[in-house]
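Understanding the architecture of this molecule
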Amino acid sequence: MNTTLRLGDYNLLRMIRKVDFGMYLDGGPEGDILLPSRYVPEGLKEGDEVEVFLYLDQDERLTATTEHPKAKVGDFAWLECTWVNQFGAFLDWGLMKDLFCPFREQKMKMVKGRFYLVYIYVDRESYRIVASAKVERFLDDDFPPYRGGEQVDLLVWQKTDLGFKVIVDNRYPALLYDNQIFRSLRSGDRTVGFIDQVREDGKIDVSLQAHGRQGTEDFAERLLQYLEEHDGYCPLGDKSDAQDIRDTFEVSKKTFKRAIGDLYKRRLITIEEEGGIRKSLPHSKGCEQRAEKG
């Protein structure tokens, strides 16, 4: 196949002619590629370029669509098994034709209705887009280039005794420890995380909160927003139960207390006698400063 075309990925192709059942796009040496009528954008005309996703239809013909699948070649994805036959399983990846996962690429026999983490790739022998549940062999084994505190994208993989295995930036395995989790997580979730550390052996530890000053400042802004949306008052304070804080804000008590301290020093909140916090009135800081001068 022409290396300029990316099977299982997005391509920018030129429309060359219209037919009753769609439009043909210029596939270069691969020949004309059909974009079926149901996917043709309104107003598209000959000579226009359109971004399409390329895959093989039921007859193994190169076909284009303007639909966006749940993942593309080179991605890890959490997909549902829709049916199984004598050759393997088929997964819903958001296109009319399901994604095939042969038996040899399954860790255990897939079951209709269940979800599985898979890696999507082009099989060199059959030249088909396929999935593999043996995701470990597709993870990058180079030494991770991260520094502590960096923000990354996480895909939640599976629960372990220590926490959750996750995949960082669609490349590296990492571990998210239970004591770093302050909200409900499940396999397949995608979220933003932060690098805790890269160990000497290249293993990565991650968290769901930024650490240090940045983490305090980020949550302090969230807390101010909460006060704005709740008549300027929050019943929780630095003596509140850690679980109550976790349930309300999905952060640790340590982060919560630091944010209260930060906002209090900036005179943006006051601390109530009963332990809650209240947003300071706009003139409070000025009044206090005049009182000090007096």
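These figures come from a predicted structure and were not determined experimentally. (Residues numbered from 1 in each chain as written. Predicted model: local features only at pLDDT ≥ 70, side-chain atom pairs only at ≥ 80, totals over all residues. Heavy atoms only, no water.)

**A few points about the overall build of the chain**
Summing up its helical and strand segments, the chain has four helices and 18 strands in all. Taken along the three principal axes of its C-alpha coordinates, the chain extends 85 × 50 × 35 Å. Counting contacts in the chain only where the partners sit at least 6 residues apart, residues at least 24 apart contribute 53% of the total. With the model as given, the accessible surface of the chain reaches about 17000 Å², and the carbon-plus-sulfur share is 46%. In the chain, the 44 positive side-chain charges and the 52 negative ones have mean positions that sit 3 Å from each other. (Helix = DSSP H or I, 4+ residues; strand = E, 2+ residues; numbered from the N terminus. Contact = heavy atoms within 4.5 Å. Areas by Shrake-Rupley, 256 points an atom, 1.4 Å probe, with all protein chains shown as cover. Lys, Arg positive; Asp, Glu negative; His and termini not counted. Charge placed at Lys NZ, Arg CZ, Asp CG, Glu CD.)

**Examining the sheet that holds strand 15 (residues 204–207)**
With respect to topology, five strands assemble into a closed barrel ordered 11-12-13-15-14, the strand pairing being mixed. Sheet twist, expressed as the average angle between the axes of neighbouring strands with direction ignored, equals 50 degrees. As paired elements, strand 13 (residues 172–177) and strand 15 share three bridges and run parallel to each other. Bridge pairing in strand 15 places Leu176 opposite Val206. (Pairing = 2+ DSSP bridges. Axes fitted to C-alpha atoms, helices over the stretch in contact; angles between N-to-C directions.)

**Some details on helix 3 (residues 253–265)**
Taking 1.5 Å of rise per residue, 13 residues should cover 18 Å, and helix 3 covers 18 Å from first to last C-alpha, within 8% of that figure. When helix 3 is considered as a whole, its buried residues turn out to be Thr255, Phe256, Ala259, Ile260, Asp262 and Leu263. Buried positions in helix 3, seen along its axis, are confined to an arc of 165 degrees and lie on one side of it. Of the residues in helix 3, the exposed ones pointing more than 90 degrees away from the buried face are Lys254 and Lys265. (Expected span 1.5 Å × (residues − 1). Buried < 20%, exposed > 50% of the residue type's maximum accessible area, 1.4 Å probe, protein only. Arc of directions from axis to C-beta.)

**Things to note about the nonpolar core**
Ranked by internal contacts, the top residues of the largest apolar core, which has 36 residues, are Leu91 and Met110. It is strand 4 (residues 49–56) that provides the largest number of residues to this core, a total of six residues. With residues up to four places along the chain from it excluded, the contact list for Met110 reads Cys81, Val84, Ala89, Leu91, Cys101, Tyr116, Val118 and Ala133. Residues Tyr226, Leu227, Ile245 and Val251 belong to the second largest nonpolar core, which totals 17 residues. (Core = buried A, V, L, I, M, F, W, Y, C linked by side-chain atoms within 4.5 Å.)

**Focus on the sheet that holds strand 16 (residues 233–234)**
Strands belonging to one sheet form pairs held by backbone hydrogen bonds; the direction of such a pair is parallel or antiparallel. Ordered in space as 16-18-17, the three strands form an open sheet in which the pairing is antiparallel. Of all strands in the sheet, those bounded by a partner on one side alone are strand 16 and strand 17 (269–271). Pairing analysis gives three bridges linking strand 17 to strand 18 (residues 277–279), with the strands arranged antiparallel. Note on strand 18: the bridge partner recorded for Ile269 is Lys279. Across the sheet, helix 3 lies against strand 17 and strand 18, angled at about 115 degrees from strand 17, the strand it touches most.

**Looking at the confidence of the model for the chain**
Across the chain, pLDDT averages 88, with 92% of residues at or above 70. Low pLDDT (under 50) marks residues 284–294, which in the prediction has four contacts with non-local residues, meaning those over four places away or in another chain. (pLDDT = per-residue confidence, 0-100.)

**A word on the pairing of strand 10 (residues 129–132)**
Because side chains alternate across strand 10, one face comprises the buried residues Ile129 and Ala131, and the other comprises Val130 and Ser132, equally buried. In this structure, strand 9 (residues 115–122) lies alongside strand 10, joined through four bridges in antiparallel fashion. What sits directly across from Val122, in strand 10, is Ile129. The loop that links strand 9 with its antiparallel partner strand 10 comprises six residues; one of these, Tyr127, has a positive phi angle of about 55 degrees.

**Things to note about the environment of Leu79**
Summarising the element assignment, Leu79 is placed in strand 6 (residues 76–84). Residue Leu79 is classed as buried on the basis of its relative accessible area of 2%.

**A short note on the side chain of Asn11**
Within the element layout of this structure, Asn11 appears in strand 1 (residues 10–19). Once you skip the residues sitting within four places of it in the chain, Asn11 turns out to touch Thr4, Leu5, Arg6, Val50, Glu51, Val52 and Leu54.

**So, the pattern of salt bridges**
Scanning the entire structure with this criterion turns up 20 salt bridges. The shortest N-O distance in the salt bridge between Lys70 and Asp92 comes to 3.1 Å. One end of the pair, Lys70, is in the loop between strand 5 (62–65) and strand 6; the other, Asp92, is in strand 7 (residues 88–92), and 22 residues separate them in sequence. Of the residues examined, Lys70 reaches a relative accessible area of 51% and is grouped as exposed. We note a salt bridge from Glu221 to Arg266, for which the minimum N-O separation is 3.7 Å. One end of the pair, Glu221, is in helix 1 (residues 212–229); the other, Arg266, is in the loop between helix 3 and strand 17, with 45 residues separating them in the sequence. When its relative accessible area of 45% is taken as the criterion, Glu221 is described as partly exposed. Each of Asp57, Asp59 and Arg61 takes part in salt bridges that share partners, so that together they form one network. (Salt bridge = Lys/Arg side-chain N within 4 Å of Asp/Glu carboxyl O.)

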